[in-house]
Amino acid sequence: NVIRQRIRSGVWAAGTQLPTLEELESEFHVARITLRQALNLLENEGLIWRRRGRGTFVSDTAEPEWFRLSYGRRDIIHSLEGTWSRLIEVDQLNRVPLLEPGDGEPVPAYRHMRRVHGRGERVYAAVDMYIDLSVYRRAPKRFDAEMIIPVLEDLPDVEVGPLRQTLTFGAADRDVADGLGIPIGSPIGILRRVVCDGAGKVIYVGTVNYRGDMVKLEIGMANETGEVSR
């Protein structure tokens, strides 16, 4: 993760030769076999290349593949374009999500699902989600296969109200690590989204666990006129 971050952030730019195994051993205080395993992972990801007798180098194609977190409804929908979703688990018990103060009022029943989202061949997020069961039943095939918020926006008989987002940071547990294809304990961004209807009822709660090496949050700053620049 540390080496990957140095590459992603540009500390080690394309074409840069990595330190020797001896130097990496001294810096990270780990066995050489551990370093070789780490470099194998990075080579499989296409971030580095190695040649016997020459050393290890950052690939020319190691440009960061960022997924930008958005905060406006239109920006969120736009950011989901070109992504795909795959259902990995459905909870038949239809549990009610844990709501926080200010979220809104719960509805009687929810459909609980777990999915992974990706772009191209890479998974960038593992999602734990709850959808108002009565809303889900209006377009079950779409909700199972597509991104939830655009589907909610498309339903003519659903009044979509405020959308609330909270971003925290943490470490991947076993379920999230398996879904994202990363080691347990890897850094992740955790985005919690809550959508209410026009009456203040919570119709969607999603916890989106993003790979820490693929997600970027851009925050706008207001200028003297009150306009927000990004």
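As a starting point, this report considers the structure included with it.

Conventions and cut-offs
- Residues numbered from 1 in each chain as written.
- Predicted model: local features only at pLDDT ≥ 70, side-chain atom pairs only at ≥ 80, totals over all residues.
- Heavy atoms only, no water.
- Salt bridge = Lys/Arg side-chain N within 4 Å of Asp/Glu carboxyl O.
- Helix = DSSP H or I, 4+ residues; strand = E, 2+ residues; numbered from the N terminus.
- Buried < 20%, exposed > 50% of the residue type's maximum accessible area, 1.4 Å probe, protein only.
- Polar contact = N/O pair within 3.5 Å; in protein donor to acceptor, adjacent residues only side chain to side chain.
- Contact = heavy atoms within 4.5 Å.
- Axes fitted to C-alpha atoms, helices over the stretch in contact; angles between N-to-C directions.
- Parallel < 35°, antiparallel > 145°, perpendicular 65-115°, else oblique.
- Core = buried A, V, L, I, M, F, W, Y, C linked by side-chain atoms within 4.5 Å.
- Pairing = 2+ DSSP bridges.

This part covers the pattern of salt bridges. Considering all chains together, one arrives at 13 salt bridges under this definition. Between Glu100 and Arg192 there is a salt bridge, with its nearest N and O atoms 3.6 Å apart. Of this pair, Glu100 sits in the loop between β4 (84–91) and β5 (110–119) while Arg192 sits in strand β8 (residues 187–197); the two residues are 92 residues apart in sequence, bridging distant segments of the chain. Looking at Glu100, the relative accessible area reads 39%, which means it is partly exposed.

On to the side chain of Asp103, then. Relative to the assigned elements, Asp103 resides in the loop between β4 and β5. At 2.9 Å, the side chain of Asp103 and the side chain of Arg164 are in polar contact. Those residues in contact with Asp103 that sit more than four places away from it in its chain are Arg164, Arg192, Val194, Cys196 and Val202.

Packing of helix α2 (residues 21–28) against helix α3 (residues 32–44) leaves a shortest axis separation of 10 Å and a crossing angle of 105°. With respect to each other, α2 and α3 are oriented roughly perpendicular. The residues of α3 that touch α2, namely those facing Leu21, Glu22, Leu24, Glu25 and Phe28, are Arg32, Leu35, Arg36 and Leu39.

Now for the nonpolar core. The biggest cluster of nonpolar side chains holds 25 residues, and the ones touching the most others in it are Ile131, Val135, Phe143, Ile148, Leu152, Tyr204 and Tyr210. Secondary structure elements with two or more residues in this core: β6 (122–132), α5 (133–136), α7 (148–154), β8 and β9 (202–211). Here this core gets five residues from one element, more than from any other, and that element is β6. If you look at the next biggest cluster of nonpolar residues, it comprises twelve residues, including Trp12, Leu39, Leu47 and Val58.

Relative to the helices and strands, Arg122 resides in strand β6. Judged by relative accessible area, which is 23%, Arg122 ranks as partly exposed.

What follows is about the sheet that holds β6. A sheet is described by the order of its strands in space; here six strands give the open sequence β4-β5-β6-β9-β8-β7, paired in antiparallel fashion. Because the sheet does not close on itself, it has two edges, and the strands there are β4 and β7 (160–171). Geometrically, the sheet is characterised by an average inter-axis angle of 20° between neighbouring strands, direction not taken into account. One ladder, built from nine bridges, connects β8 with β9; its direction is antiparallel. From the neighbouring strand, Cys196 faces β9, where its bridge partner is Val202.

Time to look at unusual backbone geometry. Phi is positive for His29, close to 55°, though the residue is something other than glycine. Counting through the fold element by element, His29 comes out in the loop between α2 and α3.

Turning next to the environment of Gly198. Here Gly198 is to be found in the loop between β8 and β9. The class of Gly198 is partly exposed, set by a relative accessible area of 47%. Along the primary structure Gly198 and Gly161 are separated by 37 residues, whereas in three dimensions their C-alpha atoms are 4.8 Å apart. Ignoring anything within four residues of it in the chain, the contact list for Gly198 reads Glu159 and Gly161.

Before going further, it helps to examine the environment of Gln17. Take Gln17: it is sitting in the loop between α1 (2–8) and α2. On the accessibility criterion, Gln17 (44% relative accessible area) is partly exposed. When sequence neighbours within four positions are dropped, the list of residues in contact with Gln17 reads Arg54, Gly55, Thr56 and Phe57. Within the structure, Gln17 has its side chain in polar contact with the backbone oxygen of Arg54 (distance 3.0 Å).

By the element assignment, Arg111 lies in strand β5. Only 3.1 Å separates the side chain of Arg111 from the side chain of Tyr136, close enough to count as a polar contact.

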